[in-house]
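# Results of the structural survey
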Amino acid sequence: MESNRSIITHLLSQVRIGMDLTKVVLPTFILEKRSMLEMYADFFAHADLFARIPDYDDAKERFIEVVRWYVSAFHAGRQSSLPKKPYNPILGETFQCMWDICDTVQCDDVEQSLLDSGPVPWANKNCVGFIAEQVSHHPPVAAFYVEHASKKISANAHIWTKSKFLGLGICAHLVGEGRIVDHVHKEEYIATFPSAYARSILTTPWMEMGGQVTINCPTTGYSANIDFLCKPFYGGSKHRITADLFHVSSPKKSFMSLEGYWNGVVNVKSGGSTSVFVDTQKMAIVRKLVRVIDDQDEFESRRLWNDVTENMIGNNIELATNAKAKLEERQRREAKERKEHGTEWVHKLFSGSLDNGFFYRGPLGKRMANI
């Protein structure tokens with residue numbers, strides 16, 4: 001432990017407050033044993049909530065369900081009390097998984113062609129499918145796409161991770177947006193993301209989420225302002241969240257207010273009383289299903305990082321570091337070769353740009369229109 005701390009101290013001596021940490025190589029032992037692309041999949045650990053959004057006949061109720069899913073989307077990816085950083089995805093790396101929600105959501109039959117052409121072709125009508133791609137390395141940008149074909153709902157997001165050194169901590173700003181599309185009611189919900197903070201990195205590290213995010217539905221005029229509240233320097237609680245929901249007909253008066261903890265209970269405030277909105281401590285996490293490594297493509301996350309992960313599990317830190325360095329060196333070499341030959345990187349699954357975002361090439365709405 002002391003040797004690890006000395007390495008971190010040496011690392012911190014090389015950076016300055018406000019410095020972009022994108023190109024700083026972190027010690028292997030402080031890494032989480034999975035890729036950042038897989039961590040983004042944890043946004044859908046309650047895939048049943050996501051899939052049920054179109055079930056509601058009233059636009060207001062649908063918007064409330066979008067908010068319910070959103071505020072429950074962050075705790076599953078932050079189960080450890082110690083902040084660890086997932087692997088930085090390699091350019092062109094992908095991650096694919098699905099969640100079977102047949103036990104909690106009734107799913108109608110759907111055209112088999114929609115399933116076969118979806119992001120997870122081996123998924124059945126009960127499954128929410130997810131696919132992600134690292135679309136840029138400098139700056140680091142990931143894009144992901146999710147859908148439930150039977151419920152006719154999908155989501156597309158792109159996230160640019162901007163990491164900065166804060167002196168006694170690290171901040172990762174998640175710049176970008178997600179777009180959830182309810183194809184049944186032809187509604188789109190646009191959401192932004194909070195920042196993640198690693199605090200007290202020289203003593204007892206811990207993490208929190210912070211910042212104001214918004215969810216807007218231009219079609220119906222509903223919106224939400226959600227605050228992930230950082231713990232004050234003196235006193236106060238960790239992991240607090242508040243939210244106010246509005247309609248364009250009364251833009252200054254919220255029709256619902258929430259408060260609580262994004263990794264615990266969030267309550268609805270009504271007059272002097274409260275009622276439970278979500279309780280993430282009691283909600284069952286839907287286990288994501290991933291193909292075995294032997295069946296994965298070369299650039300799928302778990303196969304790509306397998307040597308690093310296996311050596312970290314076995315506490316062979318030197319071998320894990322060598323395996324990680326080998327991947328990173330290959331990426332640098334390939335980038336150099338592209339520059340020398342004047343060739344551009346071609347994205348595998350998404351199209352777009354840093355300015356306008358990245359979007360999945362075969363979204364559900366496009367495929368439904370072709371049936």
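Note that the structure is predicted; figures quoted are calculated from it, not measured. (Residues numbered from 1 in each chain as written. Predicted model: local features only at pLDDT ≥ 70, side-chain atom pairs only at ≥ 80, totals over all residues. Heavy atoms only, no water.)

## Description of the state of the cysteines
Per the counting criterion, the structure on display carries zero disulfides. A disulfide-free cysteine, C102 has its sulfur positioned 7.7 Å from the sulfur of C127, the nearest such atom. The partly exposed category is assigned to C102, whose relative accessible area is 40%. (Disulfide = S-S within 2.5 Å. Buried < 20%, exposed > 50% of the residue type's maximum accessible area, 1.4 Å probe, protein only.)

## Focus: helix α8 (residues 317–341)
Relative to the 36 Å expected for 25 residues at 1.5 Å per residue, α8 spans 36 Å between its end C-alpha atoms, a close match to the ideal helical length. Within α8, burial applies to A320, A323, K324, L327, E328, Q331 and R338. Residues of α8 that are buried make contact with β1 (31–35), α6 (301–304) and α7 (306–313). In the stretch just after α8, G342 is the one whose phi turns positive, near 65°. (Helix = DSSP H or I, 4+ residues; strand = E, 2+ residues; numbered from the N terminus. Expected span 1.5 Å × (residues − 1). Contact = heavy atoms within 4.5 Å.)

## Re unusual backbone geometry
The step from H138 to P139 runs through a cis peptide bond, and the omega angle for that step is 0°. Although it is not a glycine, K152 sits at a positive phi angle of roughly 60°. Here K152 lies in the loop between β5 (141–148) and β6 (153–165). Its identity is not glycine, yet N315 carries a phi of approximately 60°, on the positive side.

## Some thoughts on the pattern of salt bridges
Following the criterion strictly, the structure yields 19 salt bridges and no others. The salt bridge involving R62 is made with D182; its shortest N-O contact spans 3.8 Å. With R62 in helix α4 (residues 59–71) and D182 in strand β7 (residues 170–182), this residue pair connects regions lying 120 residues apart in the sequence. Notably, a salt bridge pairs R330 with E298, separated by 3.3 Å at the nearest N-O pair. Highlighted residues: R330 in helix α8 and E298 in the loop between β15 (273–279) and α6, separated in sequence by 32 residues. The class of R330 is partly exposed, set by a relative accessible area of 22%. For E298, a relative accessible area of 45% translates into the label partly exposed. (Salt bridge = Lys/Arg side-chain N within 4 Å of Asp/Glu carboxyl O.)

## Observations regarding the side chain of S35
With respect to the helices, strands and loops of the structure, S35 is situated in strand β1. Assessed through its relative accessible area of 2%, S35 is described here as buried. When near neighbours in sequence (up to four residues on either side) are disregarded, S35 contacts P86, Y87, P89, E93, S301 and W305.

## Description of the packing of aromatic side chains
Tallied over the full model, the rule gives 23 aromatic pairs. Relative to Y189, the ring of F63 lies with its centre 6.3 Å away and its plane at 35°, an arrangement referred to as tilted. You can see F63 sitting in helix α4 and its partner Y189 sitting in strand β8 (residues 187–191), a full 126 residues away along the chain. One exposure class covers both F63 and Y189, and it is buried. (Phe/Tyr/Trp six-rings, centres within 6.5 Å; stacked < 30°, edge-to-face > 60°.)

## Observations regarding the environment of F44
Looking at where F44 falls in the secondary structure, it is placed in the loop between α2 (36–41) and α3 (47–51). Classification of F44 as buried rests on a relative accessible area of 2%. Along the primary structure F44 and G77 are separated by 33 residues, whereas in three dimensions their C-alpha atoms are 9.7 Å apart. Beyond its immediate chain neighbours, meaning those up to four positions away, F44 contacts F50, W69, W99, F130, F144, V146 and A155.

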